[in-house]
Amino acid sequence: MTTATATATPPLAGAAIHCRDLVRIFSAEGVEVQALQGLDLDVEHGELTAVVGASGSGKSTLLSILSGLDVPTAGRASVASHDLLAMRERDRIAYRRHVVGFVWQQTARNLVPYLTAAENVALTLAAAGVPRRARALRAAELFELLDIAELADRTPAQLSGGQQQRVAIAVALANEPAVLLADEPTGELDEANSALVLETMRGVNEQLGVTVLIVTHDPAVSSHVRRTVQIRDGRTSSETLRRTEVSESGDERHVAEEFAVLDRVGRMQLPPEYVRALDLRDRVRLSLEPEHVEVRKGDAE
C-alpha cells in the first residue's frame, strides 16, 4: 500500500464504540425474537476489531444498530460520542453520511453499477455537499492510498470481486468517517482476495487512524486483526487479544490470549471448545482458590 496525504480521523472523547446492556427484540405475528440480550462492547479509537459469531448470534443486528439503520429496544449505544438512541431521523442521515462508513458483504450493494469507481466516490461526496473539484481530489487521494489508482475509470462490471470491495472501502472512507463498519466484507471472495481486502482494511486503520469494526462468521479474519470479540446468543462471550513479543535474543513470537467476558452480575460463557473438551453439562463445580477459580464437572460423587 502506497503512502498518501489523507487526513487522519481526529480523536474524540470516550470510546469510539460503546454499548451497554444492549437489547433488540423483533416481533412478528405475535412471536418475539431477542436478537441481542444485554450485549456489552467497547472499542477504543484506532482499534481494529473483529466481531465473530455464528449465524443468528446477533452480530448483524449489532452492526445495523451501530450503522444507524436500526434502533435498539433497550440499553445504551454510542459511536464517536453520538447517542444512537437519542438521534432523530435527520440526525441519522447526517450520522450515516459523516460519522460512519459502511462496507456490505454483497459487492453489488456497495457500488452504483453504471458509474465508474471514481464516480462512485464522487457521488458519496456530492451527497455530503462537497464541491466538485474537491470530490475529484479526494477520490484520487483515496485510490492512491489504497493502491487502486488504475481502477478509477472502470465500472463495477469491469472489476473482480476483490477489486470491487477495495473500491467500496474507498467509497466508505470518502467523507472521512470516524468509524469504518464492515459486514462480512470477504463473504463472497476467495481466500486470496479475502486476505487482500482484510490487509487493505488493516492498512487504512494504521495509516488513517480510523476505527475499524469487522463483523464476520469467518474465523480466518481473526489473524488479520489485533482483537476478536466472540458473540453467542446475543451477548459478548469471549475476547482474544493478539500481540507480538520480542525475546532477549531478538526473536519475534505472536501471542494470543483468550478472555471470557464477565458481565455486571457475574455471568460469563465458557468457550465451546472448553465445554466440549471437558464434557461439561448442566452444572459445574466451582472452587475459589487464592488467585483463580477452578471449574470442574458437576457430577455427583
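Anyway, here's the lowdown on the structure attached to this text. In this convention, every chain numbers its residues from 1, walking through the sequence in written order. Reporting in this predicted model follows two pLDDT cut-offs: at least 70 for local features of residues, and 80 or more for side-chain atom pairs to be given and counted; totals over whole chains, interfaces and linings ignore these cut-offs and use all residues. With hydrogens and water set aside, each side-chain value is computed from the structure's full complement of heavy atoms.

**Some words on unusual backbone geometry**
What you tend to see is this: most non-glycine residues have negative phi, and most peptide bonds are trans. Keep this limit in mind: Strands are runs of DSSP state E lasting at least 2 residues, helices are runs of H or I lasting at least 4, and numbering of each runs from the N terminus. For every residue, the accessible area obtained with a 1.4 Å probe (protein chains only) is divided by the maximum for its type, and the residue is called buried under 20%, exposed over 50%, and partly exposed between those limits.
For Asp21, which is not glycine, the phi dihedral falls at a positive 50°. Residue position: Asp21 is located in strand 1 (residues 17–28). In this structure Asp21 comes out as partly exposed when scored by relative accessible area, which is 28%. Its identity as a non-glycine residue notwithstanding, Asp147 has a phi of 60°, on the positive side. Summarising the element assignment, Asp147 is placed in the loop between helix 5 (132–145) and helix 6 (161–173). A relative accessible area of 39% places Asp147 in the partly exposed class.

**What to know about the packing of aromatic side chains**
As a reminder of what qualifies: Pairing of aromatic side chains here covers Phe, Tyr and the six-membered ring of Trp, requires ring centres within 6.5 Å, and sorts the geometry by plane angle: under 30 degrees stacked, over 60 edge-to-face, intermediate tilted. Sitting over a ring, as applied to charges here, requires NZ of Lys or CZ of Arg to be within 6 Å of the ring centre and within 35 degrees of the ring normal.
Across all of its chains, the model carries one aromatic pair by this definition. Pairing Phe102 with Trp104 gives two aromatic rings, centres 4.5 Å apart and planes at 55°, and the pair type is tilted. For Arg24, the ring lying beneath its charged end belongs to Phe26, and the centroid distance is 4.2 Å. The ring of Trp104 has Arg109 sitting right over it, with the charged end atom 3.6 Å from the ring centre.

**Concerning a nonpolar patch on the surface**
Stated precisely, the cut-off is as follows: A patch consists of residues whose relative accessible area exceeds 30% and which take part in no salt bridge; residues with like charges are grouped when within 9 Å of each other, and nonpolar side chains (Val, Leu, Ile, Met, Phe, Trp, Tyr) when within 5 Å. For the area figures, the Shrake-Rupley method with a 1.4 Å probe applies, and any residue is considered shielded solely by the protein chains shown. A side-chain nitrogen of Lys or Arg and a carboxyl oxygen of Asp or Glu constitute a salt bridge if their distance falls within 4 Å.
A contiguous nonpolar surface patch, about 420 Å² in accessible area, is contributed by Val284, Leu286, Leu288 and Val293. Among the elements that make up the nonpolar patch, the one with the highest residue count is strand 12 (residues 284–288) (three residues).

**Examining the pattern of salt bridges**
Counted under the stated rule, the structure contains 10 salt bridges. Note that Arg20 and Asp42 form a salt bridge whose closest N and O atoms lie 2.5 Å from each other. Placement of the pair is Arg20 in strand 1 and Asp42 in strand 2 (residues 31–43), with a sequence separation of 22 residues.

**Considering the packing of helix 4 (residues 117–127) against helix 5**
Basically, it comes down to this: In this description, a line fitted to the C-alpha atoms serves as the axis of each element, helices being fitted only across the stretch in contact, and the angle between N-to-C directions of two axes falls anywhere from 0 to 180 degrees. Put simply, angles under 35 degrees are roughly parallel, angles over 145 are roughly antiparallel, angles from 65 to 115 are roughly perpendicular, and the rest are oblique. Working rule for handedness: look at the near helix, and if it is turned counterclockwise from the far one by less than a right angle, call the crossing left-handed; if clockwise, right-handed. Here a residue-residue contact requires only that any non-hydrogen atoms of the pair lie within 4.5 Å. As a working rule, the residues Ala, Val, Leu, Ile, Met, Phe, Trp, Tyr, Cys and Pro are called nonpolar, Asp, Glu, Lys and Arg charged, and the rest polar, with Gly in that last group.
Put simply, helix 4 and helix 5 touch, their axes get as near as 9 Å, and they point 125° apart. With respect to their mutual orientation, helix 4 and helix 5 come out oblique. Both helix 4 and helix 5 take part in a crossing whose hand is right-handed. Here helix 4 contributes Ala117, Ala118, Val121, Ala122, Leu125 and Ala126 to the contact with helix 5, which in turn contributes Arg135, Arg138, Ala139, Leu142 and Phe143. Of the residues contributing to the contact of helix 4 with helix 5, the split by class is nine nonpolar, no polar and two charged.

**Topic: the pairing of strand 13 (residues 293–297)**
Each regular strand shows side chains that alternate between the opposite faces of the sheet. Keep this limit in mind: Here the rule is simple: two strands pair whenever DSSP picks up at least two bridges between them.
Looking at chain direction, strand 12 and strand 13 are connected through five bridges and run antiparallel. The residue of strand 13 that forms the bridge with Leu286 is Val295. Connecting strand 12 to the antiparallel partner strand 13 that follows it, the hairpin turn spans four residues.

**Some points on helix 4**
Using the following cut-off: Throughout, the arc means the angular range of directions from the helix axis out to the C-beta atoms.
Along helix 4, the positions that sit buried rather than exposed are Ala117, Asn120, Val121 and Leu125. Mapping the buried residues of helix 4 onto a view down its axis gives an arc of 135°, with all of them on the same face. As for helix 4, its buried residues are in contact with helix 5 and helix 6. Looking at the residues trailing helix 4, positive phi occurs at Gly129, about 85°.

**Some words on the environment of Leu151**
Here Leu151 shows up in the loop between helix 5 and helix 6. The class of Leu151 is buried, set by a relative accessible area of 1%. Along the primary structure Leu151 and Val100 are separated by 51 residues, whereas in three dimensions their C-alpha atoms are 24 Å apart. Other than its neighbours up to four places away in sequence, Leu151 contacts Ala117, Leu159, Gln163 and Val167.

**Observations regarding the nonpolar core**
In plain terms, the rule: Here, the term nonpolar core denotes a set of buried Ala, Val, Leu, Ile, Met, Phe, Trp, Tyr and Cys residues that are joined through side-chain atoms within 4.5 Å.
Of all hydrophobic cores here, the largest spans 38 residues; its most connected members are Val121, Ile169 and Ile214. The set of elements that each furnish at least two residues to this core consists of strand 3 (48–52), helix 4, helix 5, helix 6, strand 7 (179–183), helix 7 (191–208) and strand 8 (211–216). Ranked by residues supplied to this core, first place goes to helix 6 with seven residues. Not counting residues within four places of it along the chain, the set of residues in contact with Ile169 comprises Val103, Leu146, Leu180, Val197, Thr200, Met201 and Val204. Ranked by size, the runner-up nonpolar core spans 29 residues in total, among them Ile65, Val79, Val179 and Ile231.

As far as function goes, none of this settles anything; it's purely spatial.
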